[in-house]
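Take a look at the letters that make up each chain.
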Amino acid sequence: MNLFELTTNLMKIPSVSGNEEAVGFFLRDHLTELGWTVELQPVSENQNNVIAYLNDTPRVFLSTHLDTVPPFIPPTEDEKKIYGRGACDAKGIIASQITAAEELRKQGITDIGLLYTVEEETSSIGAKAANNHSLAQKCEYLINGEPTDNDLAIGSKGTFRLKIIAEGKAAHSAYPEMGESAIEKLLDILHDIRLAEFPNDDFFGETTVNIGTIEGGLALNVIPPRAEAGIAIRLTTPRAPVEKLLNEIVGEDGKIEVLSCSEPIKMLAVEGFNQKPVRFTTDIPYLTNWGQPLLLGAGSILVAHTKDEFVLKKDLEEAVKLYVNLVKSLLEK
Ligand SMILES: [Zn+2]
C-alpha cells in the first residue's frame, strides 16, 4: 500500500469522534502485517488508542489522532489532490507518518514508535489515557501531526472554553418592572467582552474571543429569567489574567462556568525547518509525559473541518521526508 492508498483507505473508514474502533482495528492489522508490535489501549468500551513500536526503547514517537469532525465525506482524488474528510486532519498525516517510519526502519532506525489517539477533536480523552501509558516514560520526543503546511510549529495558542450565565426574574412582559431580564444582563456583559482588551503576547500574537453560542428566554411575552453564552478564547498568555478580566466584566451580573482550558505551549524548535507559531490547539497539552513536543503535518488548517477538506499529494510526500529528517536529527541529539 503506497502513501496515497494508505491515506484513502484510512479515509474510507468513517471515524467521527466517538467511533474510532474500526479505523483503529484497520491500523492494528496494517501495522502488525508490516511487523510492528501493536497495542490497542482501551479508552472506553469501544474506543482504543493505537500504539506501535519496533523495540523496547522507542525514543521518538510520531503521533496524531484517529477521529475526524463530522460529517463523513468519502475520499476522492485527482492527479494532484486527495479530497474528503480526514485528507489533512489527520489521516493523510497518519499515512505520511507510517510511510516515514517504514523508511526509517529500512535505514536501520528502530528506536521509534507510533501513537494514534481517539477524540482529539472533542475531549482529548484518548490523549489523557495515553499519558498514563508506560511507554510515555521512554519517549524523549513526541512529533505530533496536525496540518501546519509542513512547517514546524514552535508554539500553539491555548483554548479557554467557558459559559457565562445570567439569571433574572420572570414576569409578564407588559409589567417589566416586576421582573428582571437575564437576556439584557447577558447582552451587556457580552458587549463589554467585545470591547475588552485582553492581554496579547509577542510570541503567540493576539488573544481572540469567539462568542459561539447564545441561548435564553422562554417566550416573547415573558421577561427572560435565564440566558447563557458559550465562549471560546484562544489564549496567548496564561489563563489567569484573562480570567481576572472576565471576572471583572461579569461581576455580580452573571456567573462564569469554566468548561475546559489548555494553556498556550511552546514546542521544540529544530534548525533547518521552517518555523512558525500556530493558532489551533492539539492533543499536546495532554501528552505531557511523552517527552518534548514538536508539531508538523501536511495540509492546511484552513481547509480542515470544512466540506472542501483536501491535501496535496506532493505535500504528503514532502511530509514523509520531513518526518524522516526530523526523527533522525532528534535521535542524534
Ligand atoms: Zn486534527
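To be clear, the structure that these remarks concern was listed above.
Engineer: How should the sheet that holds strand β16 (residues 310-312) be read in this particular structure?
Structural biologist: Backbone hydrogen bonds are what pair the strands of a sheet, in a parallel or an antiparallel way. Taking strand neighbours across the sheet as the criterion, the 3 strands line up as β4-β5-β16 in an open arrangement whose pairing is antiparallel. On the outer flanks of this sheet lie β4 (76-77) and β16, each paired with one strand and no other. Pairing geometry for strand β5 (residues 81-83) and β16, over 3 bridges, is antiparallel. Along β16, the bridge assignment pairs Lys81 with Leu312. Sitting on the sheet, helix α7 (residues 313-331) is in contact with β4, β5 and β16, with an inclination near 65° to β16.

Engineer: What exactly am I supposed to notice about the layout of surface pockets here?
Structural biologist: Here the idea is plain: a probe the size of a water molecule rolls over the atoms and shows the empty space left. Computed from the structure, the largest pocket encloses a volume of approximately 1000 Å³. For the largest pocket, the lining is made up of 42 residues, of which Thr159, Arg234, Phe280, Thr281 and His305 are closest to its centre. Secondary structure elements with two or more residues in the lining of the largest pocket: β9 (158-167), β10 (208-216), β11 (226-235), β12 (255-262) and β14 (275-278). Ranked by residue count, the leading element in the lining of the largest pocket is β11, at 6 residues. Taken together, the residues that form the lining of the largest pocket break down as 15 nonpolar, 15 polar and 12 charged. Two domains each provide a minimum of three residues to the lining of the largest pocket, namely domain 1 (3-156 + 265-331) and domain 2 (158-262). Its boundaries defined by the atoms lining it, the second largest pocket holds a volume of some 210 Å³. Lining the second largest pocket we find Met1, Asn2, Leu3, Leu6, Phe26, His30, Glu33, Leu34, Ile98, Thr99 and Glu102. Within the residue set of the lining of the second largest pocket, elements represented by two or more residues are α1 (3-12), α2 (21-34) and α3 (91-106). No other element matches the 4 residues that α2 contributes to the lining of the second largest pocket.

Engineer: Where do I start with the packing of aromatic side chains in this structure?
Structural biologist: Any aromatic ring pair is given by two values, namely how distant the centres are and how the planes are angled relative to each other. Taken as a whole and judged by the stated rule, the model has 3 aromatic pairs. Ring geometry for Tyr83 against Phe310: centres 6.5 Å apart, planes inclined by 50°, an arrangement best described as tilted. Linking Tyr83 in strand β5 with Phe310 in strand β16, this pair joins segments that are 227 residues apart in sequence. With relative accessibility at 27%, the residue Tyr83 sits in the partly exposed group. Residue classification places Phe310 among the partly exposed residues on the basis of a relative accessible area of 23%.

Engineer: How should I be thinking about the coordination of the zinc ion in this particular structure?
Structural biologist: Between any two of four tetrahedral donors, the ideal angle at the metal is 109.5 degrees; between two of six octahedral donors, it is 90 or 180 degrees. Only His65 (NE2), Asp89 (OD) and Glu146 (OE) from the protein coordinate the zinc ion, and they sit 1.8 to 2.1 Å from it. Of note, the zinc ion draws all its donor residues from one chain, in the sequence arrangement H-x23-D-x56-E. Here Glu146 lies in the loop between β7 (141-144) and β8 (152-156) and His65 lies in strand β3 (residues 60-65), a separation of 81 residues in the sequence. Taken as a pair, His65 and Glu146 share a single burial class, namely buried.

Engineer: In this structure, what is going on with the pairing of β9? I would like to understand it.
Structural biologist: Counting buried positions over the 10 residues of β9 gives 7, a clear majority of the element. Looking at chain direction, β9 and β11 are connected through 10 bridges and run antiparallel. By the bridge assignment, Leu162 is partnered in β11 with Ile231. Across 7 bridges, the pairing between β9 and β12 is antiparallel. Opposite Leu162, over in β12, you have Val258 as the bridge partner.

Engineer: How should I be thinking about the side chain of Glu146 in this particular structure?
Structural biologist: For the buried Glu146, no salt bridge is present, and the opposite-charge side chain at shortest range is Arg234, 11 Å distant. A polar side-chain atom of Glu146 sits 3.1 Å from a polar atom in the side chain of His65. Non-local contacts of Glu146, meaning those with residues more than four positions away in its chain, are made with Thr64, His65, Asp89, Ile93, Glu120, Phe280, Thr282, Leu295, Leu296 and Gly297.

Engineer: Whenever I open this one, the sheet that holds β11 confuses me. Can you help?
Structural biologist: One open sheet holds the 4 strands; their spatial order is β10-β11-β9-β12, and the pairing between them is antiparallel. Each end of this open sheet is capped by a strand with a single partner; those strands are β10 and β12. Each strand axis lies, on average, 15° off the axis of its neighbour in the sheet, ignoring direction. Bridge count between β10 and β11: 8 bridges; the pairing is antiparallel. Counted as the bridge partner of Glu215 is Glu228 from β11. Across the sheet, helix α5 (residues 182-195) lies against β9, β10 and β11, angled at about 15° from β11, the strand it touches most.

How each quantity is defined
- Residues numbered from 1 in each chain as written.
- Predicted model: local features only at pLDDT ≥ 70, side-chain atom pairs only at ≥ 80, totals over all residues.
- Heavy atoms only, no water.
- Pairing = 2+ DSSP bridges.
- Helix = DSSP H or I, 4+ residues; strand = E, 2+ residues; numbered from the N terminus.
- Contact = heavy atoms within 4.5 Å.
- Axes fitted to C-alpha atoms, helices over the stretch in contact; angles between N-to-C directions.
- 1 Å grid on protein atoms, 1.4 Å probe; cavity = no way out; pocket = protein on both sides within 12 Å on 5 of 7 lines; lining within 4 Å.
- Points joined across faces, edges and corners; volume = space filled by probe spheres on them.
- Nonpolar A, V, L, I, M, F, W, Y, C, P; charged D, E, K, R; others polar.
- Domains from an automatic or database assignment.
- Phe/Tyr/Trp six-rings, centres within 6.5 Å; stacked < 30°, edge-to-face > 60°.
- Buried < 20%, exposed > 50% of the residue type's maximum accessible area, 1.4 Å probe, protein only.
- Donors = N, O, S within 2.8 Å, 3.2 Å for Na, K, Ca; no water.
- Lys, Arg positive; Asp, Glu negative; His and termini not counted.
- Salt bridge = Lys/Arg side-chain N within 4 Å of Asp/Glu carboxyl O.
- Polar contact = N/O pair within 3.5 Å; in protein donor to acceptor, adjacent residues only side chain to side chain.

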